[in-house]
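# Secondary and tertiary structure notes
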Amino acid sequence: MGKPVAIYYVRGPRSGRDYPVLVVRRNGNGATVRIDKRSEEIRLGVPPTVSRRWVEDTVLRYGESWGRRMDEAPLPAPSAFEITLGREMILGGKSVPIRIEQGQKARGCETEEGIVLYLLRPEDREEGRRVLDLWFSAKAKFEIPIVYKRWHEIMFPGSPLPALTIRRMRSRWGSCNAAKRRITLNEYLLKVPPACLDYIVVHELAHLVHANHGSDFYRLVGQYIPDWKERRKLLRRFE
């Protein structure tokens, strides 16, 4: 499915929330409906030949049922390996509310109440996703290196700081190239509890000394993170 060509809203009878119905053109015959609890969206896929009147009649006819299904759909387990635009997102292992407001410039910021996305078109879900994505990436690239530098100073006081790359990875939290003295950390670490972020940073720094995961490696990790097993177990809840 491509970019939405129209957006309608239906109300959940139990929650009272207005859920967006994104109408997307698709190849093939017939229409499809997908209830996405994580992004809190309903996607209606329709063939190119379907008229606007048909779409409006379909939303009117089935909208109450879709809203009820959205209210009743179970919330998927939180995954740190994604950014979705919903009413909240996971940061530091906790759910943080997301609020969308009209703005003269598209940008994101963080307040005591949560994340605020200022959009030129508040109803534009694609713009919202893009702004949230850019805000999250900038925050990760600012905050994760602070933790990295702090732990390096603790573990290797006075030694040169190895190069650090912050990028998104789909299945790994980090990696270490000891020969090139370069460590890579996943942007999504910003979403896990701080104790887990500390564990991953120490884990990758320890690889500068021990390339494998032998007993000496975990002995070194344990010097700085004695409860590393518990933190690793907690981290796996977000995978």
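Look up: the structure comes first, before these words.
Overview of the structure.

Cut-offs and rules
- Each chain carries its own residue numbering, running from 1 in the direction its sequence is written.
- In keeping with the model being predicted, local features are shown solely for residues with a pLDDT of at least 70 and side-chain atom pairs are shown and tallied solely at 80 or more, while totals for entire chains, interfaces and linings include all residues.
- Think of the side-chain values as coming from all heavy atoms in the structure, minus any hydrogens and water.
- As used in this record, nonpolar core signifies buried Ala, Val, Leu, Ile, Met, Phe, Trp, Tyr and Cys residues forming a set joined through side-chain atoms within 4.5 Å.
- Burial status follows relative accessibility: with a 1.4 Å probe on protein chains alone, a residue under 20% of its type maximum counts as buried, one over 50% as exposed, and anything between as partly exposed.
- Numbering of helices and strands runs from the N terminus, with a helix taken as a DSSP run of H or I at least four residues long and a strand as a DSSP run of E at least two residues long.
- By definition, residues are in contact when any of their heavy atoms lie within 4.5 Å.
- A pair of strands is treated as paired once DSSP finds two or more bridges between them.
- Lines fitted to the C-alpha atoms define the axes, with helices restricted to the stretch that makes contact. Angles between their N-to-C directions range from 0 to 180 degrees.
- Here a pair means two rings of Phe, Tyr or Trp (six-membered ring of Trp) with centres within 6.5 Å. Their orientation is stacked below 30 degrees between planes, edge-to-face above 60, and tilted elsewhere.
- Definition used for salt bridges: Asp or Glu carboxyl oxygen within 4 Å of a side-chain nitrogen of Lys or Arg.
- Roughly parallel refers to an angle under 35 degrees, roughly antiparallel to one over 145, roughly perpendicular to one between 65 and 115, and oblique to any angle outside these ranges.
- Helix crossings get a hand from a simple test, with the near helix turned counterclockwise from the far one by less than a right angle marking a left-handed crossing and a clockwise turn marking a right-handed one.
- Multiplying 1.5 Å by the helix residue count minus one yields the expected span of that helix.
- At any given residue, the bend is defined as the angle formed between two axes, one fitted to the seven residues that end at that position and one fitted to the seven that begin there.

A few words now on the nonpolar core. The tendency in soluble globular proteins is for nonpolar side chains to be buried side by side. I115 and L185 are the most contacted members of the largest nonpolar core, which has 44 residues in total. When contributions to this core are tallied by element, the ones reaching two or more residues are strand 5 (88–91), strand 6 (94–102), strand 8 (114–119), helix 2 (125–155), strand 11 (182–186), helix 3 (194–206), helix 4 (215–224) and helix 5 (228–235). For this core, the element with the highest residue contribution is helix 2, accounting for 10 residues. Those residues in contact with I115, other than ones at most four positions away along the chain, are M89, L91, V96, P97, I98, R99, C109, L132 and W135. Membership of the second largest hydrophobic core comes to 13 residues, among which are Y8, V10, V23 and I42.

Now for the sheet that holds strand 11. Strand order across the open sheet formed by 3 strands is 9-11-10, with mixed pairing between neighbours. Strand pairing shows two members of the sheet lacking a second neighbour, strand 9 (163–167) and strand 10 (174–177), which therefore form its edges. Each strand axis lies, on average, 15° off the axis of its neighbour in the sheet, ignoring direction. Of the pairings in the sheet, the one linking strand 9 to strand 11 comprises 5 bridges and is parallel in character. Directly across from T165, in strand 11, lies its bridge partner T184. Helix 2 contacts strand 9 and strand 11 of the sheet and is inclined by roughly 140° relative to strand 9.

It is worth spelling out the environment of K229 at this point. Here K229 is to be found in helix 5. The exposure class of K229 is exposed, given its relative accessible area of 51%. Along the chain, K229 and Y199 lie 30 residues apart, while their C-alpha atoms are 9.4 Å from each other.

Scanning all chains against the criterion turns up 4 aromatic pairs. Summarising the aromatic geometry, the rings of Y218 and W228 are spaced 4.4 Å apart at their centres and angled 15° between planes, so their arrangement reads as stacked. Linking Y218 in helix 4 with W228 in helix 5, this pair joins segments that are 10 residues apart in sequence. Three or more aromatic residues joined by ring pairs form one cluster here, namely F217, Y218 and W228.

It is worth spelling out the pattern of salt bridges at this point. Pairing between side chains becomes possible if they bear opposite charge and their charged atoms approach one another. Enumeration according to the criterion identifies 21 salt bridges in this entry. Note that E41 and R129 form a salt bridge whose closest N and O atoms lie 2.4 Å from each other. Of this pair, E41 sits in strand 4 (residues 41–46) while R129 sits in helix 2, and the two are 88 residues apart along the sequence. With a relative accessible area of 2%, E41 lands in the buried category. Across the salt bridge formed by R231 and D227, the nearest N and O atoms sit 2.9 Å from each other. For D227, a relative accessible area of 31% puts it in the partly exposed group. Residues participating in the shared-partner salt-bridge network are E41, R43, R125, E126 and R129.

This part is about the packing of helix 3 against helix 5. Two packed helices can be described by the angle between their axes and the distance between those axes. Two elements in contact, helix 3 and helix 5, have axes separated by 9 Å at closest approach and are oriented at 115°. Accordingly, the angle class assigned to the pair helix 3 and helix 5 is roughly perpendicular. With respect to the hand of their crossing, helix 3 and helix 5 are arranged in left-handed fashion. On helix 5, the residues that touch A195, C196, D198, Y199 and I200 of helix 3 are W228, R231, R232, L234 and L235.

The end-to-end C-alpha distance of helix 1 (residues 52–72) is 29 Å, a good match for the 30 Å that 21 residues give at a rise of 1.5 Å each. Along helix 1, the sharpest kink reaches roughly 55°, centred on Y62. Those residues of helix 1 lying buried are V55, T58, V59, G63, W66, G67, M70 and D71.

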